[in-house]
Amino acid sequence: MRKSILLLTGNLILVLVLIVSVTVLAANTAEQQASTKKATTIAIKDQSGATDVSTITFPEGDPGSEVTQPYNNVNGSGSPQVFGASSTPVVQLITSTTYNLWWKVSEGSGWDTAVADENCYITDSTGVTKSTFDTNKSTLSTWGTQTNTGQQVTTSKKYFYLTIDLENVGGKSGTSTLEVLGETP
Amino acid sequence: MFWKKFALFVIALVVIFFVSHSIVLATAVDRNGFCNLEGSPGQTIKLNITLEGTTPEERTGFWDVFYKKVAGDNERMDISSWITIQPKEYTIKQGETKVFNLEIKIPKNVEPGLWGAISEEACKEGHSNDRRTYLIFKDVITGGHVYSGLLLPISVKVIKSPNLLVRAMNFVKQNLLTLVLAIVVIILLVIILARRPARQVK
């Protein structure tokens, strides 16, 4: 009987030694700290970069022509996009980090019958000519598909220009939604 | 003169503080990708993802899944059908956080390996060409038509289903201390119970 009690006591001591040693080993650590910031979407702002924009409107154009003077709902029709030496973008894309720029245009109603293509260009330049735009633009002719513009938005590359090429049929109008998406490069 | 300069300095600091904080961006997310998630065939990986509203106006948005098709891709690249997120639609206000439940259900019949991207580096900067399947969220000022959002890459490392022995070993490893203590208690009980009948016989 004594042997059994001794054996049991020995086992208990062994278990205690194991627990204590694990505790001692666990305490032998040095604290490190690190943190990550949250990823934030691109803000679509008016021409001054101050106020959020919710809609962009293209004025009426001749069938088959390119409409180059869209305006946003904040600056209004009196301050449309302008190309030239002192160009004005339709909106500014504000971001705190660099993103690959994707975009998607989805048919609302009648967009497909009124618009053939849509083009975009983002730059840090304030003197964007139509020729510069045409050389660097990304074009969408299929609606409803996420497409990589091949361009990047950065803290300084924020002036966003848009044009549409109208279909050859007159008397059409349409609406669509524009998506501007960022991807970590 | 000194106090005048000091006052101007303080005013300048206050102006800089407010100007730097007035640049409000759009919706924030707590993760910029979900790469190399591990699971075995038939398993469902469950995760949470949080959005935070930062703009003064209420925004309405939704989640979407996207497969970036590249010529030469094999069947392992498109795992969009494995992914569900709830709730799918949301509205968010400034200062508000919303938690979404992301579930990735790995089919039972898939082979082990990497799915949804061409390399394990896909979430790292400079590896955008390695990504194929994305989770996307996008939102707009309620009533508007100009959305902004982010593409968050997803990839899954499918591992072999562990057999029963491995599962048992893992269970023992995870509960070693509890098991040892349970064994000691059982031994004690056995000894105590074994001693009682001996006394009765005497």
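These notes cover the structure that comes with them.

The rules we used
- Residues numbered from 1 in each chain as written.
- Chains lettered and ligands numbered in written order.
- Predicted model: local features only at pLDDT ≥ 70, side-chain atom pairs only at ≥ 80, totals over all residues.
- Heavy atoms only, no water.
- 1 Å grid on protein atoms, 1.4 Å probe; cavity = no way out; pocket = protein on both sides within 12 Å on 5 of 7 lines; lining within 4 Å.
- Points joined across faces, edges and corners; volume = space filled by probe spheres on them.
- Nonpolar A, V, L, I, M, F, W, Y, C, P; charged D, E, K, R; others polar.
- Helix = DSSP H or I, 4+ residues; strand = E, 2+ residues; numbered from the N terminus.

**What to know about empty space enclosed by the protein**
Counting across every chain of the model gives one cavity of 30 Å³ or more. Computed from the structure, the largest cavity encloses a volume of approximately 30 Å³. Lining the largest cavity are Ala43(A), Ile44(A), Asp52(A), Val53(A), Arg59(B), Ile141(B) and Ser148(B). Here the residues of the lining of the largest cavity sort into four nonpolar, one polar and two charged.

**So, the layout of surface pockets**
The calculated volume of the largest pocket comes to roughly 590 Å³. Residue lining of the largest pocket: 29 residues in total, with Phe58(A), Trp111(A), Val115(A), Ile164(A) and Gly174(A) positioned closest to the centre. For the lining of the largest pocket, the secondary-structure elements that each account for two or more residues are strand E3 (56-57), helix H2 (111-114), strand E8 (115-123), strand E11 (159-166) and strand E12 (175-183) of chain A. Among the elements that line the lining of the largest pocket, the one with the most residues is E12(A), at four residues. A class-by-class count of the residues in the lining of the largest pocket yields 14 nonpolar, eleven polar and four charged. Taken together, 20 residues make up the lining of the second largest pocket; nearest its centre are Lys37(A), Ala39(A), Tyr99(A), Thr184(A) and Asn32(B). Counting only elements with at least two residues in the lining of the second largest pocket, the list comes to strand E1 (39-40) and E12 of chain A together with strand E10 (146-158) of chain B. Among the elements that line the lining of the second largest pocket, the one with the most residues is E10(B), at three residues. Of the residues that constitute the lining of the second largest pocket, the class distribution is six nonpolar, eight polar and six charged.

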